[in-house]
Amino acid sequence: MEAPFRIAVPDSSISLLKQKLALTTLPDELDDAGWQYGAPLADVRRLVARWQDGYDWRKSEAQLNSELPQFTRDIKVDGHGVLNVHYIHQRSTVVDAIPLLFVHGWPGSFIEVQKILPLLVEASPEHPSFHVVAFSLPGYGFSEAPRKQGFELTQFAEVGNKLMIALGYNQYVTQGGDWGHLITRRIAQLYGHKHSKAWHSNFPTGNPPHPIHRPLLLLSHLLFKYTPKEDEGLKRTMWYRDQGSGYFAEQASYPQTLGYGLADSPVGLLAWIYEKLVLWTDNYRWDDDEVLTWVSIYWFSRAGPAASLRIYYEVNKAYPDLANKPEPTTIPTGYSFFPKELISLPRRWLQVPNLVFQSEHDSGGHFAAHEKPKELVEDLRKMFGRAGPAFAVVPGKVGYA
Amino acid sequence: MSSRTLPETETPFRIEVSDDKIELLKKKLALTTFPDELEDAGRDYGVPLADIQRLVSHWKDGYDWRKYEKELNEELPQFKRDIDVDGFGTLGIHYVHKKSEIVGAIPLLFVHGWPGSFLEVRKILPLLTQTAKDHPSFHVVTFSLPGYGFSDAPKKKGFAISQYAEVGNKLMISLGYNEYVTQGGDWGYAITQRIAKLYGGKHSKAWHSNFEVAAPGQAPPRLFTSPWLYLNNLITPLKPADKAALERTAWFAKQGRGYSEEQSTQPQTLGYSLADSPVGLLAWIYEKLVNWSDDYPWNDDEVLTWISIYWFSSAGPTASVRIYYERKNTDAASNSATDSTRKAPIPRGVSRFPKELMIFPRLWTRTPDLVFEADHESGGHFAAYEKPVELVGDLRKMFGKGGPAFGVVKGNDGYQANAKL
C-alpha cells in the first residue's frame, strides 16, 4: 500500500550530529596542496563550521517536503523479501503525459530530481510532459536497505519496474545517470518492450566504471585519433581512471570497512561526498547549504551511509566481465553528452543498435539533472516530442496539452 | 671519510600521550555510530560488525593505554633527533636505538611500513641484540617514518621514497654507523631498496627484506588486469604451495588494493574520517592486520595498541597515507634520476612467507644481487611481528659466519672476537 511520506528526522539524530560535529578532529594538510591530495582543508573546515552552526536541516527538510510529493510503498523483491521503498511521484496535469522513471546514482539521491521535476511535468502545447517517478535506491535516502547479499542491478531494476507497474504505469520510459544508467539499462534488458519502452542516459557507456578492467594503455594509444572534444573526453576519462577511481576500488572490494568511518564521522562522510560534488561537476557553483543538504540526506538516511556503498561490491561481483561484455538493449536509446562527464568516450565507440537520439552539450558534468536541468529536460522533450525519434513510444501517452 | 656532524639534538624520548587526547578519544568512542551489516556477510564485505563493536567497546572501557605506553617505554629505548632533509627542512625523528653488548655487532636499520610502526621491532629487538658464540649480534635502529608514530610529518609536497631513504641514511650516520645493513618489508622494502640504490656500497652494505616485487621490466604488464590467468599460464605444473601463493597474489591484485588506490590518489579525502573517527581508523587498519597476516592470533589489546599509535601519532593518521600518493605521483619522476651511475648493487637477501601479499615466481625475482633466500611454511606480511624467531634466524644465517653476507660491514661482523678498536 502506498503511504504519503514526509521526511521527519528525529530531534535526537540532529542532536547527535551536532555533538559529533563539536568533537570534530581535522587532519593536517600539506602546504599549497590545493585539490591535489583530495578535498581541501579550508573548504571542509568551513563546511563543518556551517553544518554545526548556521545550516538549518529543518528548513531544508521542509523545503524538500513541500517541493517533492513523497510516498513509501512495500515492494517485494525475488529472493530478498519485502523492502519499503521511498519515492517521489508527481503527475502532470496533462492526462496522457508520458510516464517517466528517473533513477539516481552515488553519491546522488532523490534530490537530483528536484530541479527537473517542475519542468518535466509542465503542461504545454509546445512540448510533451511527463508523469514523474523517482525512487530512493534501496540503501539510499529513505528507502530500506537490502538485508541479504547479492542485491545487484537485476534487483534494483526489479524494484523500479515493480514500482512503476504498482503506480499504474504498465509502460514507461526511463532517465538515468551514474548507477541510474546501469539500472535503467538493466530495466531495458529485462523489461524492454513489455514495460520499458525507451531509455535515456546522461552517462553513456557500454563499460561501467571499472578501474581494474579498463586498459589505460589502449586509451592513451587512441588519444590522438579523435575530434578535439573527444580528445578532451578521453583525457577526462583517463584522469578518472588514474586519479579518480580510488573510491570505486574500495567500495567494490571492502565497503563495510569503509562504511565504519562514513557512518561514524560527519566530516568523514562530508569530505568523501563533497570531493565528488566538486570534481565531477563542471564548475558548478555549490552553495554550502546545498552541499550540506546532499550530505545530510546520506547522514540521516534510513539505512545509514554504509549501505549505499554495497551496490559497487554487488555489481562488481555479479558482473566480473561487465567491462568487456556489455549486453545490448533493443528498445530506443537516447544519449546526452556533457563534456565533464567522468567517462567520455569517442562517439563511435558508443553506437548501439536503436540509438535514436544523441545530444552534445558545451558544458555540464556528471550530475546533469542538477547542473543542467533545462538542457536535460530539453533533450527529453526533443527525444519524446512530436518531431522526435521516440514520439509515442508509450502508446497513447504523448503528453501534449 | 668524515661522517656528518649534525647538531647535537638527540634527546631521549618517552611516549607521553596527554590526558586530553585520551579523554577526547573516549568521548568520541562513546558517540560511535555503527553501520548496519548484511546477513552472513562474514569478512567478505570488510571487517565484521561484531568484531568492531567488541573492539570499540573494549577501547572505550577496559583497554588501558597508559599500561601499554609504559610497556613500550620500558621495552624500547627511544629517542628523538632532528634530521635535515634536502628541500624539506628539519624533521624531528622518533627512533628506537638499542646496542648489543658486543662492540662489533652489525649495525642494522629496520624500516617499517603501513599500517605498521616502530612497534614492529619489539619482538625481534631482543633476539637481534642477543649475544652468542654461534650467531652474530646486531646494533638495532628503527625510526618512525616521517608522518608516523612520534616523528614529525613533512609539510611540503613531494616527500617521496628518496626522502625517507635520506632520513634513514642520515640517522644511521648521525649515530656513528657509517656502514650498516637494513631490513624492511612493505614500505620498508621500497625505502631500503632506495637506500641500497642511493647509498649502497658507501653506507648500506647489504639489504634484507621479507617482501619483494619483480623488478620493472620483469613483471608482466597484464598482471594486474588478469592476474590469475596470466600467472596460471606462466607456471605449470604448480605445487600446492605455489598455487596458493598465486591465488593470494591474484586476490591482492584484484581485490585487495582498494585502500592503496584511494591513498595514492585522494589521501586527504580519506584522511578526514581517519583523523576524526576512532572506529573508522580502527576498521581501516584492523582489516589489514587480519587479512595480511597468516592467522595471527591477534588479541584485542594488541590490536588497539597498534591503532592507538596511529590515533595518538604526532602528525595524526592522515599524514601516514600520503606516502602512497607521493610514490605514485612524485616518485615516478625522481626514480630514474638516480640511475645515472651504474654501480654494482649490494648483496640482497629475501625471506618469503606464504601469506605475503604479492609473491612472484622465483625466476622473476632472482636477480644477480640475490645472495640469500629462505622460504617459510607459515607467516604473512608482518613478518617481524608474526615470525620474529624465523626472521631473525634468517638474518643470522645471512650475516653470520659462513653466511653470504658475513663481514659486509668492516669491523662489525657481529661477533666478540672482532671488536672494533
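In this text, all values refer to a predicted model and were calculated from it rather than measured experimentally.

### Side note on the sheet that holds strand S5 (residues 138–143) of chain B
Residues and elements named next belong to chain B.
- In spatial order, the strands read S1-S2-S3-S5-S4-S6-S7-S8-S9; together these 9 strands make up an open sheet with mixed pairing. Looking along the sheet, the strands with just one partner apiece sit at the ends: strand S1 (11–12) and strand S9 (370–375).
- As paired strands, strand S6 (residues 180–184) and strand S7 (residues 204–209) are joined by 5 bridges and run parallel to one another. When the sheet's bridge partners are listed, Thr182 is paired in S7 with Trp207.
- Helix H5 (residues 161–174) rests against strand S2 (78–85), strand S3 (89–98), strand S4 (106–111), S5 and S6 of the sheet, and its axis sits at about 120 degrees to S2.

### Quick look at the sheet that holds strand S9 (residues 355–360) of chain A
Residue and element names in this part refer to chain A.
- Taken in spatial order, the 9 strands of this open sheet run S1-S2-S3-S5-S4-S6-S7-S8-S9, and their pairing is mixed. Lying at the two open borders of the sheet, with one neighbouring strand each, are strand S1 (3–5) and S9. Adjacent strand axes in the sheet meet at a mean angle of 30 degrees when their direction is disregarded.
- Where strand S4 (residues 98–103) lies against strand S5 (residues 130–135), 6 bridges are found, and the strand directions are parallel. When the bridges of S5 are listed, Leu101 appears paired with Val133.

### Here we look at helix H6 (residues 187–199) of chain B
Residue and element names in this part refer to chain B.
- Here H6 spans 17 Å end to end across 13 residues, near enough to the 18 Å set by a 1.5 Å rise per residue.
- Across the 13 residues that make up H6, a large majority, 10, are buried.
- Among the residues of H6, those classed as buried are Trp187, Gly188, Tyr189, Ala190, Ile191, Thr192, Arg194, Ile195, Ala196 and Tyr199.
- Among the residues trailing H6, Gly201 stands out with phi positive, at a value near 95 degrees.

### Points about the packing of helix H2 (residues 49–60) of chain B against helix H12 (residues 300–311) of chain B
Residues and elements named next belong to chain B.
- Packing of H2 against H12 leaves a shortest axis separation of 11 Å and a crossing angle of 70 degrees. Compared by their axis directions, H2 and H12 come out roughly perpendicular. For the pair formed by H2 and H12, the contact residues are Arg54, Leu55, His58 and Trp59 on the first element and Asp300, Asp301, Val303, Leu304, Ile307, Ser308 and Trp311 on the second.
- Taken together, the residues of the contact of H2 with H12 break down into 6 nonpolar, 2 polar and 3 charged.

### Looking at helix H17 (residues 388–399) of chain B
- The end-to-end C-alpha separation of H17 of chain B is 16 Å, in line with the 16 Å expected for 12 residues at 1.5 Å each.
- Of the positions making up H17 of chain B, those classed as buried are Pro388, Leu391, Val392, Asp394, Leu395, Arg396, Met398 and Phe399 of chain B.

### Observations regarding the pattern of salt bridges
- In the structure shown here, the tally under the stated rule is 40 salt bridges over all chains.
- Notably, a salt bridge pairs Asp43 of chain A with Arg46 of chain A, separated by 3.8 Å at the nearest N-O pair. Here Asp43 of chain A and its partner Arg46 of chain A are both found in helix H2 (residues 41–52), 3 residues apart, which amounts to about one turn of the helix.
- Of the charged contacts in the structure, one is a salt bridge between Glu69 of chain B and Arg66 of chain B, with a shortest N-O distance of 2.9 Å.

### Observations concerning the packing of aromatic side chains
- Under the definition given, this model contains 52 aromatic pairs over all chains.
- Their ring planes at 70 degrees and their centres at 6.0 Å tell us that Tyr140 of chain A and Tyr298 of chain A sit as a pair that is edge-to-face. Note that Tyr140 of chain A is positioned in the loop between S5 and helix H5 (153–166) and Tyr298 of chain A in helix H12 (residues 288–299), a separation of 158 residues in sequence. Grouping residues by exposure puts Tyr140 of chain A and Tyr298 of chain A together as buried.
- Ring geometry for Trp286 of chain A against Trp294 of chain A: centres 5.3 Å apart, planes inclined by 85 degrees, an arrangement best described as edge-to-face. Each member of the pair Trp286 of chain A and Trp294 of chain A is classed as buried.
- Residue placement shows Arg347 of chain A over the ring face of Phe337 of chain A; its charged tip is 4.0 Å from the ring centre.
- Cation over ring: Lys401 of chain B sits above Tyr415 of chain B, and NZ or CZ is 4.3 Å from the ring centre.

### Topic: the interface of chain A and chain B
- With 61 residues of chain A at the interface, the matching set in chain B holds 64 residues.
- Counting the surface lost from both chain A and chain B, the interface buries some 5,500 Å², and carbon and sulfur atoms represent 53% of this.
- Taken as a group, Tyr37, Tyr254 and Tyr260 of chain A account for 16% of the area that chain A buries against chain B, more than any other trio of residues on that side.
- Across the chain A-chain B interface, the total number found is 3 salt bridges.
- Asp28 of chain A is paired through a salt bridge with Arg322 of chain B; the nearest N and O atoms lie 2.9 Å apart.
- Viewed at the interface, chain B and chain A are joined by 39 residue pairs in polar contact (both at pLDDT 80 or more).
- Counting only elements with at least two residues in the side of chain A that touches chain B, the list comes to helix H1 (11–22), H2, helix H8 (228–243), helix H9 (246–253), helix H10 (255–264), helix H11 (266–279) and helix H13 (310–318) of chain A.
- Residue contributions to the side of chain A that touches chain B peak at 9 residues, all from H10 of chain A.

### Focus: the environment of Thr249 of chain B
- Along the polypeptide, Thr249 of chain B turns up in helix H8 (residues 240–255).
- C-alpha separation for the pair Thr249 of chain B and Phe360 of chain B, spaced 111 residues apart in sequence, amounts to 7.9 Å.

### Focus on the confidence of the model for chain B
Residue and element names in this part refer to chain B.
- Residues of chain B with pLDDT of at least 70 account for 88%, and the chain-wide mean is 91.
- Scored below 50 in pLDDT, residues 336–340 makes 3 contacts in the model with residues more than four places away or belonging to other chains.
- Taken over the whole predicted complex, pTM reads 0.94, whereas the ipTM for its chain interfaces reads 0.94.

The rules behind each value
Residues numbered from 1 in each chain as written. Chains lettered and ligands numbered in written order. Predicted model: local features only at pLDDT ≥ 70, side-chain atom pairs only at ≥ 80, totals over all residues. Heavy atoms only, no water. Pairing = 2+ DSSP bridges. Helix = DSSP H or I, 4+ residues; strand = E, 2+ residues; numbered from the N terminus. Contact = heavy atoms within 4.5 Å. Axes fitted to C-alpha atoms, helices over the stretch in contact; angles between N-to-C directions. Expected span 1.5 Å × (residues − 1). Buried < 20%, exposed > 50% of the residue type's maximum accessible area, 1.4 Å probe, protein only. Parallel < 35°, antiparallel > 145°, perpendicular 65-115°, else oblique. Nonpolar A, V, L, I, M, F, W, Y, C, P; charged D, E, K, R; others polar. Salt bridge = Lys/Arg side-chain N within 4 Å of Asp/Glu carboxyl O. Phe/Tyr/Trp six-rings, centres within 6.5 Å; stacked < 30°, edge-to-face > 60°. Lys NZ or Arg CZ within 6 Å of the ring centre and 35° of its normal. Buried area = accessible area lost by both parts, 1.4 Å probe. Polar contact = N/O pair within 3.5 Å; in protein donor to acceptor, adjacent residues only side chain to side chain. pLDDT = per-residue confidence, 0-100.

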